[in-house]
Amino acid sequence: MAFQHIKVIYPTAPARPYTPMKGAFSNVWFDRYKICNDCPEHIESIDSMCQGLTDLINDEVKNGIAKSRILIGGFSMGGGMAMHLAFRFHQDLAGVFALSSFLNKDSAVYQALKRNESALPELFQCHGTADDLVLYPWGEETNKMLKSLGVSASLHTFPNLNHELNRTEIEKLKSWIVKKLPVEAPKAYE
């Protein structure tokens, strides 16, 4: 995905032991005890990655990009990571997207939002109804919970889509990105 007026950065999750794969190394943003929405989060690995990704955001801010012009997001675990990063640590970002993603039922994100009184980034979420890895009801429950905690959230449902992306989903995401980050008018010199 490319835009004339937007810099896109695609970080890759580091290789780490991943408990659901019996400790085998995998490129994952954080560890999980198991792939389900009703177990505790592996908060140590989530917070460690949040710090590393905060450094990436701070680098962009140092280079002159306003946080109100930064969107973060991802697919699957990347979307979960983005929700943690934005709603717990960077509530002044322009928005978050989460594709085929979820938060655990007792997520630290929900706990942080219960104490929040400031404006929150908008959430753009997509999920396929045939997803057999990250079940659609998990994504739907995440969306409902975030809305109940003050997040302006949309959920775009894709019938018969498994744990994957499709062209329509990407086009909807691109439209949302351009709406959130329109071309800025050139600054007039006085």
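The structure we're discussing is the one just above.
Quick caveat, the model's predicted, so the values are computed rather than measured.

Undergrad: How should the nonpolar core be read in this particular structure?
TA: Generally speaking, soluble globular proteins have nonpolar side chains that are buried together. Ranked by internal contacts, the top residues of the largest apolar core, which has 32 residues, are Ile-72, Phe-87, Leu-123 and Leu-146. If you list the elements that add at least two residues to this core, you get α1 (43-62), α2 (77-89), β4 (95-99) and α3 (108-114). With seven residues, the top contributor of residues to this core is α2.

Undergrad: For this particular structure, what's the right way to read the packing of α1 against α2?
TA: What describes two packed helices is the angle between their axes and the distance between those same axes. It is at 10 Å that the axes of α1 and α2 come closest, and there the two elements cross at 75 degrees. With respect to each other, α1 and α2 are oriented roughly perpendicular. Between α1, through Ile-43, Ile-46, Asp-47, Met-49, Cys-50, Leu-53, Thr-54 and Ile-57, and α2, the contact on the second element is made entirely by Met-81, His-84, Leu-85, Arg-88 and Phe-89. Each residue belonging to the contact of α1 with α2 can be placed in one class, and the counts come to nine nonpolar, two polar and two charged.

Undergrad: Explain the sheet that holds strand β3 (residues 71-75) here, please?
TA: Sheet strands line up and pair through hydrogen bonds in the backbone, either parallel or antiparallel. Strand order in the open sheet made by the four strands is β3-β4-β5-β6, with parallel pairing throughout. Single-partner strands in this sheet number two, and they are β3 and β6 (153-158). Averaged over all neighbouring strand pairs, the angle between strand axes comes to 10 degrees, with direction disregarded. Here helix α4 (residues 136-148) sits on the sheet and contacts β5 (122-128) and β6; the angle it forms with β5, its principal contact strand, is near 165 degrees.

Undergrad: Help me out: how do you make sense of the environment of Lys-172 in this one?
TA: Topologically, Lys-172 is positioned in helix α5 (residues 167-180). Along the chain, Lys-172 and Asp-55 lie 117 residues apart, while their C-alpha atoms are 29 Å from each other. Here Lys-172 is in contact with Phe-124, His-156 and Phe-158, once residues within four sequence places are set aside.

Undergrad: It is not clear to me how unusual backbone geometry should be interpreted in this structure. Could you clarify?
TA: One non-glycine residue with positive phi stands out, namely Lys-22, at about 60 degrees. Within the secondary structure layout, Lys-22 lies in the loop between β1 (15-18) and β2 (24-27). The backbone of Ser-76 sits at a positive phi, close to 60 degrees, despite the residue not being glycine. Considering the arrangement of structural elements, one finds Ser-76 in the loop between β3 and α2.

Undergrad: Would you take a moment to explain the pattern of salt bridges for this structure?
TA: Pairing is possible between side chains of opposite charge, provided their charged atoms come close. Within the structure shown, the criterion is met by four salt bridges. Of the charged contacts, one joins Asp-47 and Arg-88 as a salt bridge, the two residues approaching to 2.8 Å between their closest N and O atoms. Pair noted here: Asp-47 is in helix α1 and Arg-88 is in helix α2, with a separation of 41 residues, a long-range link. What makes Asp-47 partly exposed here is its relative accessible area of 30%. Notably, a salt bridge pairs Asp-92 with Lys-67, separated by 3.0 Å at the nearest N-O pair. Of this pair, Asp-92 sits in the loop between α2 and β4 while Lys-67 sits in the loop between α1 and β3; the two residues are 25 residues apart in sequence, bridging distant segments of the chain. A residue is classified by how much of its surface remains accessible, and Asp-92, at 42% relative accessible area, is partly exposed.

Undergrad: Please explain the packing of aromatic side chains as it appears in this structure.
TA: All told, the structure shown has two aromatic pairs when counted by the stated rule. For the pair Phe-124 and Trp-176, a centre-to-centre distance of 5.3 Å together with 25 degrees between the ring planes defines the contact as stacked. A residue pair is termed long-range when its members are at least 10 positions apart, and Phe-124 in strand β5 and Trp-176 in helix α5 qualify at 52 residues. Comparing Phe-124 with Trp-176, the two get one shared label, buried.

Undergrad: Please clarify how the state of the cysteines should be interpreted in this entry.
TA: Where two cysteines share a covalent bond between their sulfur atoms, that bond is called a disulfide. Applying the stated criterion across every chain, the model contains zero disulfides. Of all cysteine sulfurs, the one in Cys-36 lies closest to Cys-39, which takes part in no disulfide; the gap is 3.5 Å. The thiol sulfur of Cys-50 is not disulfide-bonded, and the nearest other cysteine sulfur, from Cys-39, lies at 17 Å.

What counts and how
The residue numbering used here restarts from 1 in each chain and proceeds along that chain's sequence as written. The model is predicted, so local features are restricted to residues of pLDDT at least 70 and side-chain atom pairs to those at 80 or more, both for listing and for counting; the totals for chains, interfaces and linings are taken over all residues. Computation of side-chain values covers all heavy atoms of the structure but excludes hydrogens and water. The definition of a nonpolar core used throughout is a set of buried Ala, Val, Leu, Ile, Met, Phe, Trp, Tyr and Cys residues joined through side-chain atoms within 4.5 Å. Residue burial is assigned from relative accessible area. The probe radius is 1.4 Å, only protein chains are included, and a residue is buried under 20% of its type maximum, exposed over 50%, and partly exposed in between. A run of H or I in DSSP counts as a helix once it spans at least four residues, and a run of E counts as a strand once it spans at least two, with each numbered from the N terminus. Only C-alpha atoms enter the line fits that serve as axes; for helices the fit covers just the stretch in contact. Angles between N-to-C directions range over 0 to 180 degrees. Any angle from 65 to 115 degrees is called roughly perpendicular, while one under 35 is roughly parallel, one over 145 is roughly antiparallel, and all others are oblique. Contacts are residue-level and defined by heavy atoms, with any inter-residue pair within 4.5 Å sufficient. Residues were grouped as follows: Ala, Val, Leu, Ile, Met, Phe, Trp, Tyr, Cys and Pro as nonpolar; Asp, Glu, Lys and Arg as charged; and all remaining residues, including Gly, as polar. When DSSP finds two or more bridges between two strands, those strands count as paired. Counted as salt bridges are all cases of a side-chain nitrogen of Lys or Arg within 4 Å of a carboxyl oxygen of Asp or Glu. Centre distance within 6.5 Å is the pairing criterion for rings of Phe, Tyr and Trp, where only the six-membered ring of Trp is used; planes under 30 degrees apart are then read as stacked, over 60 as edge-to-face, and the remainder as tilted. Any two cysteine sulfur atoms within 2.5 Å of one another count as a disulfide.

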